[in-house]
Amino acid sequence: MAPMRASRSIDERDEDALKELIAGELGRSRDRSLGLTTEVLAAADLTAQVSPLMSPLVWDLAHIGNYEELWLLRAAAGAEPMRPEIDTLYDAFEHPRAERPSLPILPPDEARSYIATVRAKVLDTLPSVRFDTADPLTSGGFVYGMVVQHEHMHDETMLATHQLRKGAPALLDPPAAPLQASGLRAPGEATAADEVLIEAGPFQMGTSDDPWAYDNERPVHLVDLPAYYIDAEPVSNAAYLAFMEAGGYDDPRWWDPAGWEWRTAGGKRAPAFWSREGGQWLRRRFGRTEPVPPGEPVQHVCWYEADAYARWVGKRLPTEAEWEKAARWDPDAERSRRYPWGDAYEEGRANLGQRTLRPSGTGSYASGASAYGVRRLIGDVWEWTSSDFHGYPGFRPFPYREYSEVFFGPDYKVLRGGSWATHPLAVRGSFRNWDYPIRRQIFSGFRCARGVRSAGEEGGA
């Protein structure tokens, strides 16, 4: 098995190029944040809380700037605090989302001015900061990558807030990109087998040398898995409708006991944002009501719904190790890739970055398949796995416990792969997301797996 490559030192020329890259990515993330807040909504909409699950959008906006000040000005550049009195207001662990509207948070104009001042100072100090390979905070520009990814994560959270809004649409669908020009397969073309065999054997899970990877992705370690099958594509709306029409929401056999309690207590009958009118299932998507598209991956389902469907169809949710092996492992080269298709991000291989406001159709992005031929593992919808969120063997919290370690345990389930709303810089084959198993406002879907001899042993499909 090929050894993992060690990180190398970067010379001054490499450092200048990295700083240029960082400055560009900081600008692109900010353009996106403003395009989801002050550029599209009035002040009253920015300060309103559309759901206790979410913060007011203006809180997210100022929090982005405060986080940037803490890490890029104070920690990386050694600058004096600009607004220390607001630190506690924007501490996500100090104030849960439900109580944030009652805080004396910055109004929209002041929030935008604050984050602009922070950004100007960050760009002023960036040339003088040294990316010391002996300092894990600055080595490889880690802390800058952490801040860029953090902003993109909050942009995805803002998109979830927009989805929960019931007023007039603030976001418009972008023009459709030509499928073939993007290296995609047109929806409706013949696809490969519905599931793919992943042969037994060890693989390298996680990473130790990705400079912008988070602590919970580290360290790389060997995991030996038995053979299994995994769905070639995420579960579609059409497939999930079959579960619904077969009475899947009415039969406790398919549900985890806690999931059945959740379903019955809330009267759930369909994915979030779905409704039935005149014999047709519709969905609300960013303020528009439209027919549910059968070929898109089912979206806005919680872990309990995904688990129930998998049981009904005679399968199960994959473990996160099974998901990652199917996504990253190249059995011929005996090494893990950063993405399913290779080590470098390439446009047109995944539905990422808010280029659409929806998942793609069945058969799309065939060029983004993994070495095993499993498709759309990156982008479209976050995929629930069966795994609880824990650290890997040898885990070390960095740069703060509250990013990962405080969430370890059985309360959270792991999601993988990113969604159409996830920026390419904020996801890779080793990236791990996590959430409560009842969460549905996130852009979540799933695919199924099974052991090589388990087909038909259970299930009612």
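Residues numbered from 1 in each chain as written. Predicted model: local features only at pLDDT ≥ 70, side-chain atom pairs only at ≥ 80, totals over all residues. Heavy atoms only, no water.

**With respect to the sheet that holds strand β11 (residues 409-416)**
Pairing within the open sheet is mixed, and its 4 strands lie in the order β12-β11-β10-β13. The open sheet is flanked by β12 (433-435) and β13 (444-445), the only strands paired with a single partner. Pairing analysis gives 4 bridges linking strand β10 (residues 382-389) to β11, with the strands arranged antiparallel. Across the sheet, Phe389 pairs through a bridge with Gly409, a residue of β11. (Pairing = 2+ DSSP bridges. Helix = DSSP H or I, 4+ residues; strand = E, 2+ residues; numbered from the N terminus.)

**With respect to empty space enclosed by the protein**
Scanning all chains against the criterion turns up 2 cavities of 30 Å³ or more. There is about 100 Å³ of room inside the largest cavity. Lining the largest cavity are 15 residues, with Trp274, Arg283, Arg284, Gln299 and His300 sitting closest to its centre. When its residues are assigned to classes, the lining of the largest cavity shows 8 nonpolar, 4 polar and 3 charged. As for the second largest cavity, its lining consists of His162, Arg165, Gly167, Ala168, Pro169, Ala170, Leu171, Phe286 and Gly287. Residues belonging to the lining of the second largest cavity are distributed by class as follows: 5 nonpolar, 3 polar and 1 charged. (1 Å grid on protein atoms, 1.4 Å probe; cavity = no way out; pocket = protein on both sides within 12 Å on 5 of 7 lines; lining within 4 Å. Points joined across faces, edges and corners; volume = space filled by probe spheres on them. Nonpolar A, V, L, I, M, F, W, Y, C, P; charged D, E, K, R; others polar.)

**Side note on the environment of Asp135**
With respect to the helices and strands, the residue Asp135 is situated in the loop between α4 (108-125) and α5 (142-164). By relative accessible area, Asp135 is classed as partly exposed at 30%. At 3.0 Å, the side chain of Asp135 and the backbone nitrogen of Leu137 are in polar contact. (Buried < 20%, exposed > 50% of the residue type's maximum accessible area, 1.4 Å probe, protein only. Polar contact = N/O pair within 3.5 Å; in protein donor to acceptor, adjacent residues only side chain to side chain.)

**Some remarks on the packing of helix α6 (residues 237-245) against helix α8 (residues 303-312)**
For the pair α6 and α8, the least separation of the axes is 11 Å and the interaxial angle reads 80°. Relative to α8, the element α6 is oriented roughly perpendicular. Between α6 and α8, the residues in contact are Ala239, Tyr240, Ala242 and Phe243 and Glu305, Ala308, Tyr309 and Trp312, respectively. Along the lines of polarity and charge, the residues of the contact of α6 with α8 split into 7 nonpolar, no polar and 1 charged. (Axes fitted to C-alpha atoms, helices over the stretch in contact; angles between N-to-C directions. Parallel < 35°, antiparallel > 145°, perpendicular 65-115°, else oblique. Contact = heavy atoms within 4.5 Å.)

**Examining the pattern of salt bridges**
Tallied over the full model, the rule gives 42 salt bridges. The shortest N-O distance in the salt bridge between Asp251 and Arg253 comes to 2.8 Å. The residue Arg376 makes a salt bridge to Asp380 at a minimum N-O spacing of 3.7 Å. Taken individually, Arg376 and Asp380 each receive the classification buried, so the pair is uniform in this respect. One salt-bridge network, held together by shared partners, links Asp173, Arg283, Arg285, Glu290, Glu296 and Arg358. (Salt bridge = Lys/Arg side-chain N within 4 Å of Asp/Glu carboxyl O.)

**Some points on the layout of surface pockets**
Volume-wise, the second largest pocket comes out at about 1,400 Å³. Secondary-structure elements contributing two or more residues to the lining of the second largest pocket are α3 (57-75), α5, β11 and β12. Top element by residues in the lining of the second largest pocket is α3. It accounts for 7 residues. For the lining of the second largest pocket, the class distribution of residues is 26 nonpolar, 10 polar and 10 charged.

**Thoughts on the nonpolar core**
In this structure, Tyr144, Leu159, Tyr240, Phe243, Met244 and Phe446 are the most contacted members of the largest nonpolar core, which totals 118 residues. With near-sequence residues (within four places) excluded, Phe446 lies in contact with Pro234, Val235, Tyr240, Val298, Val301, Ala306, Tyr309, Leu317, Val381, Trp382, Glu383 and Trp384. (Core = buried A, V, L, I, M, F, W, Y, C linked by side-chain atoms within 4.5 Å.)

**Considerations on the side chain of Asn66**
Tracing the backbone shows Asn66 in helix α3. In terms of polar contacts, Asn66 uses its side chain to reach the side chain of Tyr114, at 3.3 Å. Excluding residues within four positions of it along the chain, Asn66 makes contact with Ile86, Asp87, Tyr90 and Tyr114.

**Notes on unusual backbone geometry**
Cis rather than trans, the peptide bond between Arg218 and Pro219 has omega equal to -10°. Note on placement: Pro219 falls in the loop between β2 (201-205) and β3 (221-225). In this chain, Phe398 is followed by Pro399 through a cis amide linkage whose omega measures -5°. Position of Pro399 among the secondary structure elements: in the loop between β10 and β11. One non-glycine residue, Glu334, adopts positive backbone phi at about 55°. Located in the positive-phi region is Tyr365, a residue other than glycine, with phi close to 55°.

**Let's talk about the confidence of the model for the chain**
Segments scoring low in pLDDT should not have their predicted coordinates read at a detailed level. Here the chain shows a mean pLDDT of 92. Residues at 70 or above account for 92%. Ignoring residues within four places in sequence, the model shows residues 178-192, a span with pLDDT below 50, making 27 contacts including any to other chains. Long-range and interchain partners of residues 454-461, a stretch whose pLDDT sits below 50, account for 11 contacts in this model, where long-range means more than four residues apart. (pLDDT = per-residue confidence, 0-100.)

**Regarding the environment of Asp87**
Within the secondary structure, Asp87 sits in the loop between α3 and α4. Remark: the alpha-carbon pair of Asp87 and Gly363, spanning 276 residues in sequence, is separated by 47 Å. Discounting chain neighbours no more than four positions away, the residues touching Asp87 are Asn66, Leu70 and Arg74.

**Examining helix α9 (residues 320-328)**
For α9, a buried count of 9 out of 9 residues is recorded, marking the element as mostly surrounded by other parts of the structure. Turning to α9, its buried residues are Glu320, Ala321, Glu322, Trp323, Glu324, Lys325, Ala326, Ala327 and Arg328.

**As for the state of the cysteines**
Overall, the coordinates contain 0 disulfides when judged by the stated rule. Here Cys448 is not disulfide-linked; the sulfur of Cys302 is the nearest cysteine sulfur, at 14 Å. Look at Cys448 and you get buried, because its relative accessible area is 1%. (Disulfide = S-S within 2.5 Å.)

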